[in-house]
Amino acid sequence: MDFVSAVVKVLFAELARKILTTEGTEFHRGTPQRNLYLAWASYSIQSIEETTFPDHLVGAYLHPLCKIMFPIRGSPMATIEAPVHPHLHAHEPVFRNEPATDFTRSEVAREMRQALNNVRSQLGREYDLIIGGHRVRTQDKIVSLNPARPSEVVGVHQKAGKEHVEPAMQAALKAFESWSRTSWDERIALLFRTTELLRERKFELMACLVYEVSKNWAEADADIAETIDFCNFYAFEALRLSRAKAPVQLPGEHDQIAYIPLGVGAVIPPWNFPCAIMAGMTLASIVSGNTVILKPSSDSPTIAAKFVEILEEAGMPEGVVNFCPGAGGSFGDAVVAHPKTRFIAFTGSREVGLRINKVAADRAPGQIWIKRTILEMGGKDAIVVDADADLDAAVEGVAISAFGFQGQKCSACSRAIVDGRIYDKFLERLKSRVERMPIGDPAENVYMGAVINEGSMKSIMNYIEIGKRDGRLITGGERDTKAGDGYFIRPTVIADIQPGSKLEQEEIFGPVLVVIKSKDFENGLDIANDTEFGLTGAVYTNSPEKIALAKREFHVGNLYINRKCTGAIVGAHPFGGFNMSGTDSKAGGPDYLLLFTQMKSIGEKIT
C-alpha cells in the first residue's frame, strides 16, 4: 500500500473515531447495520496494521479505533445510524495471514520471557466447567502437567462426567434458540472482537502452550497465529455466505438461498494444536449460528479455558460455548450419542474418529436428523526424494517436517522415500542435520521439547525397539535424560525399512522417521500411496514431468512440491485429508463453513 492510501485509511479511522464518539448519535448497539459497519471497519483496521507509517500515527489513530470499534463487553460506546446497504465491495481489503513473531529482536524476546514469567506465576490455577454461563465444580479433577517438567502442574480442571451431558445439552439448546436467529453481522462482529483480544494476549497464550504441551517459541507462535487466522478467515467467509444469492432467478419469482445453522455441536479437539484446531472448530461452529459443547483434550485443557475466557470477554452470550473437559470414553461418547447432538467436529486418532463415526451413525430414540461428522484423523505422511532433487533442500525439508514439535503433527513426515541412487548420500547428510537439533526445556526456546505424556513416550519407545529389529538405526533411538526429567526422546532415524512393515504403515506420532529406498520416482509414489492414510505429502524433484505426475497421482489432501509437508497456512493451504485421514474437511478453506451450515432454498412467487 502506498503512502497516500495509508493516509486515506488513517483519515477514515479518525473520521470513524469522531463519529462514534459524538454525543447524541443514534447508531444503536444492537442493529445489524452497526455490526456490518464494524465488519467493514475491521478490514480497514487490518489494512492499517499492515501498512508501514510512523508509530505515533498508529498510537493516535489505530489503537483507539480498535477499542472503539470492538469494545470489551460492558464498556460504554456511543452510537450512530449507518446506511442500510453500505458499499463494502468498493475497496474491500483481502484476508491477510497473521505475521510470524520475530524473536531475534531483543525487545520481542524480552516480551516473550516476561509472558513466560507471568504465566509461570499462574501455574496450578483451578478452572471451572462453564455450562450455560454458570461455573461448576466437580469432585473428580483433570490435572494438566508440563511435559518438560512433569512435577509442574499447569492447571487443575473439573472433570465433566455423564451427569453433566444433559445440563450442557440443555444450555446449548436454549442458547441456540436466540443465537441461531442472531444476524450474521453480529456473529461476525463477535469474531472480530475476539481477534483483537487474541492479539492483545498473544504472548500470554504462546507461553501457555510452551508450558502445557512443550512447544518451543516458534511452534507456539505458529499455533496462536493460526488461531488468529482462523478467527479472521471465518469472519470473512461468514460475510461471503451471508451475501449468497441463488444463481438463477426465474421469471415471476424471487429466488433465494440462505445458509442456516445446524444446531448443537460437539467439538472435540486434539492436544497437538490445542489452541488453533480447538478454536478453529469452535469459531466455525458459532459464527455459523450453532452452539457448542466443547470437550478439549485432557492433555491441554488450560489453553482451551483461556480461549473461552476470551470469547466471554468479547461478548459471547451464555450457553453458546459450554466448556466441559472430560474423559472421551464417558463424557465424550455420551455427547456424541445424544439424540440432540446435530454434528461432531473432531480431530484426533483414526481409532477414536472411527468410533465417533460409528456412534454418530446409530439413530438414537428421538433423533430426527442424520448427524454430521467433520473428522480429521491423522496420517502416515511421506516425502518422496528424486535422484535429481536439490539434496540439501530435501534433507532440510525432511528433517524439519519429521522433528518439528517432536514429530507430533498429523502432517509430520514419518516416511522419507528416497531414490536408491542418492540413498546413502541422503542418509549421511540427514544424520548430520538431525544430530544438530538441540533438545531441552522449550521455555528456554530449545528446538525440541518433550513428547506430550508418559504413555505417549512409552508407545514411541516401543516403536523404536521394533525399528531397531526391522531396520538400521541411523541416529537417536533413546530417551534424552540429559535434557531433564521430562518426556524427552532423541530424534530418531531408522533406515532400510521395508514397504508394508509395521513402522512404515502405522502412525507413531513422535520423533521417529523411517527411510525407505525406492527404485525410482514412480516407485516412490507407489510406496507413498500404499497406505490407508492420505493427509499430506511432498516431493523433491527438478523434473517438470515428475512434478506433473505427483500432482496427478500422489493421493493426499495436501501436496507440497519442493518444500516441507508441514506448516499449512490458512487460506493458502486448506487442510484436510483423504482415506482414513478423515472426511477431507478443509479447515481454513472456502468450503469449511458449509460443513457447519445447511442451505435453505426459497422460491417466492411475486407476479
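Residues numbered from 1 in each chain as written. Predicted model: local features only at pLDDT ≥ 70, side-chain atom pairs only at ≥ 80, totals over all residues. Heavy atoms only, no water.

A. Fine view of the overall build of the protein chain. For the protein chain, the count of helices and strands is 18 helices and 21 strands. Within the span of the protein chain, comprising 607 residues, buried residues form 57% of the whole. On the protein chain, roughly 24,800 Å² of surface is accessible, and the fraction owed to carbon and sulfur atoms is 53%. (Helix = DSSP H or I, 4+ residues; strand = E, 2+ residues; numbered from the N terminus. Buried < 20%, exposed > 50% of the residue type's maximum accessible area, 1.4 Å probe, protein only. Areas by Shrake-Rupley, 256 points an atom, 1.4 Å probe, with all protein chains shown as cover.)

B. Local environment of empty space enclosed by the protein. Evaluation of the coordinates by the stated rule reveals 3 cavities of 30 Å³ or more. Counted as a void, the largest cavity has a volume near 90 Å³. Taken together, 14 residues make up the lining of the largest cavity; nearest its centre are Gly 407, Lys 409, Ala 412, Ser 414 and Phe 509. Considering only residue class, the lining of the largest cavity consists of 7 nonpolar, 4 polar and 3 charged. (1 Å grid on protein atoms, 1.4 Å probe; cavity = no way out; pocket = protein on both sides within 12 Å on 5 of 7 lines; lining within 4 Å. Points joined across faces, edges and corners; volume = space filled by probe spheres on them. Nonpolar A, V, L, I, M, F, W, Y, C, P; charged D, E, K, R; others polar.)

C. Structural detail: helix H12 (residues 350–361). Under the 1.5 Å per step criterion, the end-to-end length of H12 is 16 Å for 12 residues, consistent within 8% with the ideal 16 Å. Taken residue by residue, H12 has Gly 353, Ile 356 and Ala 360 as its buried positions. Down the axis of H12, the smallest arc covering the buried residues is 60°, so these residues share one side. Away from the buried face of H12 by more than 90 degrees, exposed residues Lys 358 and Ala 361 are located. (Expected span 1.5 Å × (residues − 1). Arc of directions from axis to C-beta.)

D. Quick look at the sheet that holds strand E14 (residues 472–475). Strands sit in the order E14-E15-E16-E13-E12-E18-E19 across an open sheet of 7 strands; the sheet is mixed. With one partner strand each, in any of the chains shown, E14 and strand E19 (558–561) form the two edges of the open sheet. With direction set aside, neighbouring strand axes in the sheet form an average angle of 20°. As judged from the 4 bridges shared by strand E12 (residues 381–385) and strand E18 (residues 536–540), these two strands associate in the parallel manner. Residue pairing for E18: Ala 382 is matched across the bridge by Gly 537. Contacting E12, strand E13 (413–419), strand E15 (492–495), strand E16 (512–518) and E18, helix H13 (residues 391–403) runs over the sheet at an angle of about 170° to E12. Contacting E12, E13, E16 and E18, helix H17 (residues 521–529) crosses the sheet at an angle of about 155° to E13. (Pairing = 2+ DSSP bridges. Axes fitted to C-alpha atoms, helices over the stretch in contact; angles between N-to-C directions. Contact = heavy atoms within 4.5 Å.)

E. Main features of the pairing of strand E7 (residues 264–268). Among the 5 residues that make up E7, 5 are buried, leaving the element largely enclosed by the rest of the structure. As defined by bridge partners, E7 adjoins strand E8 (residues 291–294) across 4 bridges and the pair is classed as parallel. The residue bridging Val 264 from the neighbouring strand is Thr 291, located in E8. Between E7 and its parallel partner E8, the chain crosses via helix H9 (residues 276–287), and the hand of that crossover is right-handed. Two strands pair when backbone bridges link them, and E7 and strand E10 (residues 341–347) are joined in this way by 5 bridges, in the parallel orientation. From the neighbouring strand, Gly 265 faces E10, where its bridge partner is Phe 343. (Right-handed = clockwise from strand over helix to strand, strands pointing away.)

F. Region of the structure containing the environment of Ala 360. Checked against the element boundaries, Ala 360 lands in helix H12. Sequence separation between Ala 360 and Ala 337 is 23 residues; the distance between their C-alpha atoms is 6.1 Å. Aside from chain neighbours lying at most four places away, what touches Ala 360 is Val 336, Ile 344, Gln 367, Lys 371 and Thr 373.

G. Main features of the packing of aromatic side chains. Under the criterion given, the structure shown has 11 aromatic pairs. When the ring of Tyr 234 is compared with that of Tyr 592, the centres are 5.3 Å apart and the planes differ by 20°; the resulting orientation is stacked. In this pair, Tyr 234 sits in helix H8 (residues 217–242) while Tyr 592 sits in the loop between strand E20 (578–579) and strand E21 (597–605), placing the two residues 358 residues apart along the sequence. Since its relative accessible area comes to 0%, Tyr 234 is described here as buried. By relative accessible area, Tyr 592 is classed as buried at 3%. Seen from their ring centres, Tyr 592 and Phe 596 are 5.1 Å apart, and the 65° between their planes marks the pair as edge-to-face. The same class applies to Tyr 592 and to Phe 596, which are both buried. (Phe/Tyr/Trp six-rings, centres within 6.5 Å; stacked < 30°, edge-to-face > 60°.)

H. Structural view of the packing of H9 against helix H10 (residues 301–314). Contact geometry of H9 with H10 gives a least axis separation of 11 Å together with a crossing angle of 35°. The handedness of the crossing between H9 and H10 is right-handed. Contacts between H9 and H10 pair Met 278, Ala 279, Thr 282, Leu 283 and Ile 286 from the former with Ile 303, Ala 304, Phe 307 and Leu 311 from the latter. For the contact of H9 with H10, a count of residues per class yields 8 nonpolar, 1 polar and no charged. (Left-handed = near helix turned anticlockwise from the far one by under 90°.)

I. Unusual backbone geometry, seen in detail. One non-glycine residue, Asn 445, adopts positive backbone phi at about 60°. Structurally, the position occupied by Asn 445 is in the loop between helix H14 (423–434) and helix H15 (454–470). Under the relative-accessibility criterion, Asn 445 is labelled partly exposed at 34%. Although it is not a glycine, Phe 509 adopts a positive phi angle of roughly 60°. You can see Phe 509 is positioned in the loop between helix H16 (502–505) and E16. By relative accessible area, which is 22% here, Phe 509 ends up partly exposed.

J. Highlighting the packing of H8 against H9. Running from N to C, H8 and H9 cross one another at 15°; their axes reach a closest spacing of 9 Å. For the element pair H8 / H9, the angle class is roughly parallel. With respect to the hand of their crossing, H8 and H9 are arranged in right-handed fashion. Seen from H8, the contacting residues are Asp 223, Glu 226, Thr 227, Phe 230, Cys 231, Tyr 234 and Ala 238; seen from H9, they are Ala 276, Ala 279, Gly 280, Leu 283, Ala 284 and Val 287. Among the residues forming the contact of H8 with H9, the class breakdown is 9 nonpolar, 2 polar and 2 charged. (Parallel < 35°, antiparallel > 145°, perpendicular 65-115°, else oblique.)

K. Spotlight on the pattern of salt bridges. For the structure shown, the criterion picks out 35 salt bridges. One salt bridge in this structure joins Lys 306 and Glu 204, with 3.3 Å as the shortest N-O distance. In this pair, Lys 306 sits in helix H10 while Glu 204 sits in helix H7 (residues 202–213), placing the two residues 102 residues apart along the sequence. Comparing Lys 306 with Glu 204 shows no difference in burial state: the two are buried. (Salt bridge = Lys/Arg side-chain N within 4 Å of Asp/Glu carboxyl O.)

Any functional reading would require information that these geometric values do not contain.
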